[in-house]
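The primary structure of each chain is shown beneath.
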Amino acid sequence: MWRFLRIVCAFLVGFLLVWGFINLCNTEPAAWEYLVERVQFIPALLGTLSGVAWAGVVLGALVVLTPIFGRVYCSFLCPLGIAQDIVIRLHRAMDHLRGKKSTGSAHRFTPPVPYVRYTVLVLVAVGSLFTGAAILAWVDPYSICARFLAGVLNPLAADAANMLRDEQVTAPAWSRYGWLLLLVGGMFLLPLILAWWRGRIYCNTLCPVGALLGLLSRRPLIRIGMDPNSCVRCAACVRACKAQCIDLKNYRVDTTRCVNCYDCISACEHGLRPHLVNPFAAPGTEFGGSLSRKNHSADSPMSTSRRAFLGLLAMSVPVAAVTSRPAAATPTPADGNNTAPATSPPGSVSVPRFLSHCTGCGLCITACPTRVLQPATLQHGFSGFLKPYLDFTQGFCNFDCTACSSVCPVGAILPLSRAEKKRTQIALASFHSERCIVYGHQTECGACTEHCPTKALSTIEGKVPCYTPENCITCGACVDICPQHALSLQPGGEHVQIDRAKCIACGKCSRVCPTGAMTSKRLMVPVLDSKLCIGCGACAYACPVRPERAMQITPLSRHGSAEVLHEAPAQNPVSADEFPF
Amino acid sequence: MQRRDFIKLGFAVGAGFSLDTLSGLFPVANAEESAVPTEKYPLVAVRGNDRVAMLSAALTALGSGGGMSAFVKPGQSVVIKPNCAWDKGPEMSANTHPSLVGHMVKLCKQAGASKVLVFDHSCDDWQRTYRNSGIQAAVEAAGGEMISGADESMYRDHDNPGARNLKRAKVHSAILDSDVFINMPVLKNHGGARMTACMKNAMGIVWNRGYFHSHDLHQCIADSILLRKPDLNVLDAFAPMLRNGPKGKDENDLIQTHALLAGKDIVAIDAAAAKLLGYADGEVRHIDLAASMGLGEKDLSKTWIRRISVA
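Residues numbered from 1 in each chain as written. Chains lettered and ligands numbered in written order. Predicted model: local features only at pLDDT ≥ 70, side-chain atom pairs only at ≥ 80, totals over all residues. Heavy atoms only, no water.

Participant: A description of the overall build of chain A should follow, citing residues and the corresponding values.
Facilitator: Helix and strand content of chain A: 24 helices and 12 strands. Split by element, the accessible area of chain A, about 24700 Å² in all, is 63% carbon and sulfur. (Helix = DSSP H or I, 4+ residues; strand = E, 2+ residues; numbered from the N terminus. Areas by Shrake-Rupley, 256 points an atom, 1.4 Å probe, with all protein chains shown as cover.)

Participant: Summarise the overall build of chain B; cite the residues concerned and give the values.
Facilitator: Scanning chain B from N- to C-terminus turns up 12 helices and 13 strands. Here chain B holds 311 residues, and the buried ones make up 68% of them. Partitioning the intrachain contacts of chain B with sequence separation of at least 6 by distance along the chain shows that 74% fall at a separation of at least 24. For chain B, the accessible area works out to roughly 10100 Å², and carbon and sulfur atoms hold 52% of it. (Buried < 20%, exposed > 50% of the residue type's maximum accessible area, 1.4 Å probe, protein only. Contact = heavy atoms within 4.5 Å.)

Participant: How would you summarise the packing of helix 6 (residues 114-131) of chain A against helix 11 (residues 208-216) of chain A if you had to cite specific residues and measurements?
Facilitator: Residues and elements named next belong to chain A. It is the contact of helix 6 with helix 11, at a shortest axis distance of 9 Å, that shows an interaxial angle of 110°. On the basis of the axis angle, helix 6 is roughly perpendicular to helix 11. Residues Arg117, Tyr118, Val120, Leu121 and Val124 of helix 6 form the contact with helix 11, whose participating residues are Pro208, Ala211, Leu212 and Leu215. Along the lines of polarity and charge, the residues of the contact of helix 6 with helix 11 split into eight nonpolar, no polar and one charged. (Axes fitted to C-alpha atoms, helices over the stretch in contact; angles between N-to-C directions. Parallel < 35°, antiparallel > 145°, perpendicular 65-115°, else oblique. Nonpolar A, V, L, I, M, F, W, Y, C, P; charged D, E, K, R; others polar.)

Participant: Describe the packing of aromatic side chains, with residues and values.
Facilitator: Following the criterion strictly, the structure yields 13 aromatic pairs over all chains and no others. Measuring from centroid to centroid gives 6.3 Å for A:Phe15 and A:Trp19, while their planes differ by 25°, and the two rings are stacked. Taken as a pair, A:Phe15 and A:Trp19 lie in helix 1 (residues 2-22) at a separation of four residues, close to a single helical turn. A relative accessible area of 46% places A:Phe15 in the partly exposed class. Following the ring pairs from residue to residue traces out a cluster consisting of A:Trp2, A:Phe69, A:Phe76 and A:Tyr262. Between A:Arg198 and the ring centre of A:Trp197, over which it is positioned, the NZ or CZ distance is 5.1 Å. One residue, B:Arg47, lies across the ring of A:Phe579, its end atom 4.4 Å from the ring centre. (Phe/Tyr/Trp six-rings, centres within 6.5 Å; stacked < 30°, edge-to-face > 60°. Lys NZ or Arg CZ within 6 Å of the ring centre and 35° of its normal.)

Participant: So, helix 10 (residues 217-224) of chain B: which residues are in play, and what are the values?
Facilitator: Residues and elements named next belong to chain B. Among the eight residues of helix 10, eight are classified as buried, and the element is accordingly described as predominantly covered. Among the residues of helix 10, those classed as buried are Leu217, His218, Gln219, Cys220, Ile221, Ala222, Asp223 and Ser224. Packed against the buried residues of helix 10 are helix 8 (198-201), helix 9 (209-214) and helix 12 (285-292).

Participant: So what's going on with the interface of chain B and chain A? Which residues, and what values?
Facilitator: Counting from both sides, the interface comprises 53 residues of chain B and, opposite them, 51 residues of chain A. Buried area between chain B and chain A, both sides added, is near 4100 Å², and the carbon and sulfur share of it is 49%. Across the contact surface, chain B and chain A share six salt bridges. Residue A:Glu567 is joined to B:Lys249 by a salt bridge in which the shortest nitrogen-to-oxygen separation is 4.0 Å. At the junction of chain B and chain A, the tally comes to 23 residue pairs in polar contact (both at pLDDT 80 or more). If you list the elements that add at least two residues to the side of chain B that touches chain A, you get strand 2 (43-48), helix 5 (126-132), helix 9, helix 10, strand 12 (259-263), helix 11 (266-276) and strand 13 (305-310) of chain B. Tallying contributions element by element places helix 5 of chain B first for the side of chain B that touches chain A, with four residues. (Buried area = accessible area lost by both parts, 1.4 Å probe. Salt bridge = Lys/Arg side-chain N within 4 Å of Asp/Glu carboxyl O. Polar contact = N/O pair within 3.5 Å; in protein donor to acceptor, adjacent residues only side chain to side chain.)

Participant: Lay out empty space enclosed by the protein with the relevant residues and their values.
Facilitator: By the definition in use, this model includes 18 cavities of 30 Å³ or more. Here the largest cavity is characterised by a volume of approximately 180 Å³. Together, 17 residues line the largest cavity, and A:Glu450, B:Asn83, B:Ala85, B:Cys123 and B:Lys200 are the ones closest to its centre. Residue assignment for the lining of the largest cavity shows that the elements contributing at least two residues are strand 9 (186-190) and helix 8 of chain B. (1 Å grid on protein atoms, 1.4 Å probe; cavity = no way out; pocket = protein on both sides within 12 Å on 5 of 7 lines; lining within 4 Å. Points joined across faces, edges and corners; volume = space filled by probe spheres on them.)

Participant: Go over the packing of helix 10 of chain B against helix 12 of chain B, please, and point to the residues and values.
Facilitator: Residue and element names in this part refer to chain B. With their axes 8 Å apart at the nearest point, helix 10 and helix 12 run at an angle of 45° to one another. The pairing of helix 10 with helix 12 is recorded here as oblique in orientation. In terms of crossing hand, the pair formed by helix 10 and helix 12 is right-handed. Where helix 10 abuts helix 12, its residues His218, Gln219, Ile221 and Ala222 lie against Arg285, His286, Leu289 and Ala290. Its residues assigned to classes, the contact of helix 10 with helix 12 shows four nonpolar, three polar and one charged. (Left-handed = near helix turned anticlockwise from the far one by under 90°.)

Participant: Give a detailed account of the environment of A:Met1, specifying residues and quantitative values.
Facilitator: Residues and elements named next belong to chain A. Tracing the backbone through its elements, the reader meets Met1 in the segment before helix 1. On the accessibility criterion, Met1 (68% relative accessible area) is exposed. It is 9.0 Å that separates the C-alpha atoms of Met1 and Tyr262, two residues lying 261 residues apart in sequence.

Participant: Residues and numbers for the layout of surface pockets, please.
Facilitator: All names here are of chain A. In this structure, the second largest pocket spans a volume of roughly 680 Å³. Residue lining of the second largest pocket: 28 residues in total, with Ala10, Ile82, Ala83, Asp85 and Ile86 positioned closest to the centre. When residues of the lining of the second largest pocket are traced back to their parent elements, those giving at least two are helix 1, helix 5 (79-97), helix 8 (141-165) and helix 13 (263-267). By residue number, the principal contributor to the lining of the second largest pocket is helix 1, which donates 10 residues. Class assignment for the residues of the lining of the second largest pocket results in 20 nonpolar, one polar and seven charged.

Participant: So what about the confidence of the model for chain B? Which residues, and what values?
Facilitator: Of all residues in chain B, 87% attain a pLDDT of 70 or more, and the chain-wide mean is 88. Low confidence marks residues 12-39 of chain B, where pLDDT is under 50. Its contacts with residues over four positions away, or in another chain, come to 54 contacts. (pLDDT = per-residue confidence, 0-100.)

Written as structure tokens, this is what we have:
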């Protein structure tokens, strides 16, 4: 029954996780679709630190459940654990098919080597002190699995859907991670290869979450234990154990390594089951003291309270680190420079805050309908490796969309209402008229303004100068009248040069020109009001000028709030009753 | 046959053809008397308070009473190209109203179309746009098929020898392969092209729109009509966006025109549409360019216009 419950739960978690990461139809994310991402340990820890209420509840529940049941997270909820369980099951199925008895090296008791995992835990804790969540991105089992789903499963599902429908339902995003897939895949495959070899060895040596939860499950209230009075030492439980933590010689289960898969219970025909035990009784005396204290203490490395204390101390370090970082890393820039190397998603408040909370799981990247969110290599710097940034050559941030902020399981992107999102200034556009087609080619374009959702960018009718050198007598009248000093006579004096970056299309030059060498065309020219700009990047994405676009986006370190343009209702320019033709 | 009888017959056939269009057929007033047969009208302008009824009335007038059967023969495949470019709701008039597109699909199916495809090369994410514009739901409810325009694999190279700038373009296969092409845009202001109506809507049948912008937008718009001339144009001018187009900012950008234009002459429709938005002659350059290329008549005084009012 215990094992059955575990399998049902793991199946549900696996299904919902895969579902959440596939996202073929770009639907607005419903809460249930992203439920399992929110009950993960590290995301809940980081979410709690970001002040997200539900994350606190989840973290509280996990912290309370572990001392009661043991490391249930590792088998019921952890996606990397579930993936390892699938591999272990496959291995067993293969052994069974080959007629091999499962008595290989994978299925025996191994004495604990706790120093490895506590070293990892301390390293991660200290590392996060210096890097925020940067190091957590590399070790969090959820994020390792999630990135694989985002990088490999998501495009694979798109390929499959296209094949089934026999049309291009959605373009598979293999290029999103590109060569990084080697790394992403390797990080995911390492635990699985280890699992094939030695069961849940990854969880008990390299995983800091496993180490941390192991500290909390030193003496769970409900504990798997064998009754020496009924046990016949058939070792069925030992063979079934994925964590190699059943010490049959001493009738002991190392609960710090047990991942609560309950396979041993299903395997045992002689009374192995979870028992409610007195938490204050000495380990090994659950069954009326039938075990000798001597045997126990020889094998229990966890018996000193000093170690537990040190472990808990290690756990509190990343907590302190992450909480203290954003404040320290986002001072108001003294020189007024609020730019960042790359743009972070709306809701992340500031780039440094974002980088210190995000674990780079890639969920927002798969949820983003326009694919503007891409995993960074070094765009954010070292601490932003694999974390999302807005790549305005790939797309632009959809004005009416809040997908990334509603799916983020760690609170790195805080939830935004649609109205808030529409004002959140994540970057600023700048207009470089010297590259603009309207000025350069003297033809209308409007690609940028048609995409601008806030009308920070609009077009007004301007008089763009057109110069015909053949008619020019180099009298200099246009040069003198230009209010922007955009016109100059060439050093040789043969013709006039126009600095398009300075020109405001006022048309004065063409009015004074006596020969018609300087004429002007009435064209719709772009004008930018930065107060209204939210930095969605639509203008830059749409700008057809290459290689350098006429619209450029400057990422903001601290996000701002844009003003909203309110206009009176438009008035019908012609009669509403009669046709004007 | 007297003209009056002719119109009456048209209404009778139209009514029998589609019962739900009845409301749009009877209260017809102000029908201008004219000497030419109805089907010769290059342009029909309808006023009313219900888009679907206005569409029915326009098609009845254009189709010599036969409605859509004048444009779609049984067994023919139809592609409808609405303006479905922006992730905005129907109340924003940024896309063709879903009720019009849905009704057009239904009429095509009733006329015996083998299949009715609908697509646009959306500017915003296409899946969100199809969904939030309401067009996908309306099309699928009416038995049409909403297909993607978001992938280059759907477009084929197509020569355009008559063009001045756009000599070659990648055109959506549905446009090239369907028997009937119905152009069904919404009337809006446009920051670059000044106005978007029937001609500008054809930009969405092409893959590389960036080429338009960088090679004289107005000329490319006129050229794009030659890629495939629409068999029928229907322009939703019920609540056009007067400013901040073509995406629009809020409902304050809209004016209540309560009009619908339809016809075969794409230049005449756009010339009339420009007047609805208050543009002077010559202000929307692609209209003049298209007229100079012989694609239609921009001078409305030389055009037979059938004006209908549907109460």
